[in-house]
Amino acid sequence: KDHPALHAWDIWNETHFKSYDKDTLCEFRRWLEGKYKTVAKLNGAWAKSYTSFEQVEFEEVLWASIVPFIDLETFRNDNLGEIVKFISCCVKELDKVHKTVADNVMSNVAWDETDRGTDDWKVAENADQFGISFYPKTGGRLLKKNEPWLRCLTFDGARTAAGGKFFLSEMQSHSYSEIYTTERVSPEEITTWGMEAISHGASALVFWKLYPFSWGLQIGGRGLLLADGSLTKRSAAAEQLGEFIRGNKEIAAAMKPANSAGVLFDRNNIFT
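Residues numbered from 1 in each chain as written. Predicted model: local features only at pLDDT ≥ 70, side-chain atom pairs only at ≥ 80, totals over all residues. Heavy atoms only, no water.

A. Inspection of the environment of Arg 151 at higher detail. Looking at where Arg 151 falls in the secondary structure, it is placed in helix H5 (residues 148-162). For Arg 151, a relative accessible area of 6% puts it in the buried group. With residues up to four places along the chain from it excluded, the contact list for Arg 151 reads Phe 134, Pro 136, Leu 143, Asn 146, Thr 192, Trp 193 and Glu 196. Within the structure, the side chain of Arg 151 is placed 2.8 Å from the side chain of Asn 146, a separation counted as a polar contact. (Helix = DSSP H or I, 4+ residues; strand = E, 2+ residues; numbered from the N terminus. Buried < 20%, exposed > 50% of the residue type's maximum accessible area, 1.4 Å probe, protein only. Contact = heavy atoms within 4.5 Å. Polar contact = N/O pair within 3.5 Å; in protein donor to acceptor, adjacent residues only side chain to side chain.)

Here it is, written out as structure tokens:
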């Protein structure tokens, strides 16, 4: 914690939590009791006939009501946020100087995947700084379309959740793997994505990653450097982008576009 190079603690990279263990079930029951107050109100919403909150189990959604599923997913968002808060408090007890960072995959407003159990706002409000992983050129597995409008919407979503400034905690800097040759990132794309991020509120860019993977499923993928450690044109583009940020902070701040439209985001509506 006293190292001069340390900027912040990334307390949870690409948040994700799904568990059906007994402790999570106890938390879910407490969450339900806090929401409904009485078993009668829970029964009315869930179309059940419980006599106690302790009778609630993790069950498949039945035809009578979809509310059990919606409540479970909403609880997962809240619970994950509470876990972020707990970890952040633990770190703060040991280091009262540096900030904590927690990051999601992409942004909820532009990415309709709910399996991770995350919500941008719930994560952002429980860490000092909110960040996202950003992989626009991954064959639709993350950003559905690698187009300017969707990239910028992703950044706007992260900026809104973060209250103005967000971290680009991971930005794709090459291919996912040598197997996926169409995903190779060019120096021009690094510059373009970086400028888009800066203009939409990014206060830090972290490229993933420096060296390429040397073994495993992602062998040869994601590297600003070659396997022998030599520089690439992508690393030169990243360096130029860093020089721009350091030398033109006022310009970067002025690049933020005026809002001409707003996005209404309702997580519960996605669950239905």
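Once the structure has been displayed, the description carries forward.
B. Representation of helix H1 (residues 22-36) in the model. Compared with the 21 Å implied by 1.5 Å per residue over 15 residues, the 21 Å span of H1 between its first and last C-alpha is a close match. Taken together, the buried positions of H1 are occupied by Thr 24, Leu 25, Phe 28, Arg 29, Trp 31, Leu 32 and Tyr 36. Each buried residue of H1 sits inside an arc of 160° when the element is viewed along its axis, so together they form one side. The inward-facing, buried residues of H1 abut helix H2 (39-46) and helix H3 (67-94). Between the side-chain oxygen of the N-cap and the backbone nitrogen of Asp 23 there are 2.9 Å, and the N-cap of H1 in question is Asp 21. (Expected span 1.5 Å × (residues − 1). Arc of directions from axis to C-beta.)

C. Focus on a nonpolar patch on the surface. Taken together, Ile 179, Tyr 180 and Leu 217 make up a surface patch of nonpolar side chains, about 330 Å² in accessible area. Within the fold, Ile 179 resides in the loop between strand E4 (166-172) and helix H6 (187-199). (Patch = residues over 30% accessible without salt bridge, like charges linked within 9 Å, V, L, I, M, F, W, Y side chains within 5 Å. Areas by Shrake-Rupley, 256 points an atom, 1.4 Å probe, with all protein chains shown as cover. Salt bridge = Lys/Arg side-chain N within 4 Å of Asp/Glu carboxyl O.)

D. Main features of the packing of H6 against helix H7 (residues 233-247). Relative to each other, H6 and H7 sit at 25°, their axes nearing to 8 Å. Between H6 and H7, the angle is such that the two are roughly parallel. Crossing handedness for the pair H6 and H7: right-handed. The segment H6 lies against H7, with Pro 187, Ile 190, Thr 191, Gly 194, Met 195 and Ile 198 engaging Lys 233, Arg 234, Ala 237, Ala 238, Leu 241, Phe 244 and Ile 245. When the residues that make up the contact of H6 with H7 are grouped by side-chain class, the tally is nine nonpolar, two polar and two charged. (Axes fitted to C-alpha atoms, helices over the stretch in contact; angles between N-to-C directions. Parallel < 35°, antiparallel > 145°, perpendicular 65-115°, else oblique. Left-handed = near helix turned anticlockwise from the far one by under 90°. Nonpolar A, V, L, I, M, F, W, Y, C, P; charged D, E, K, R; others polar.)

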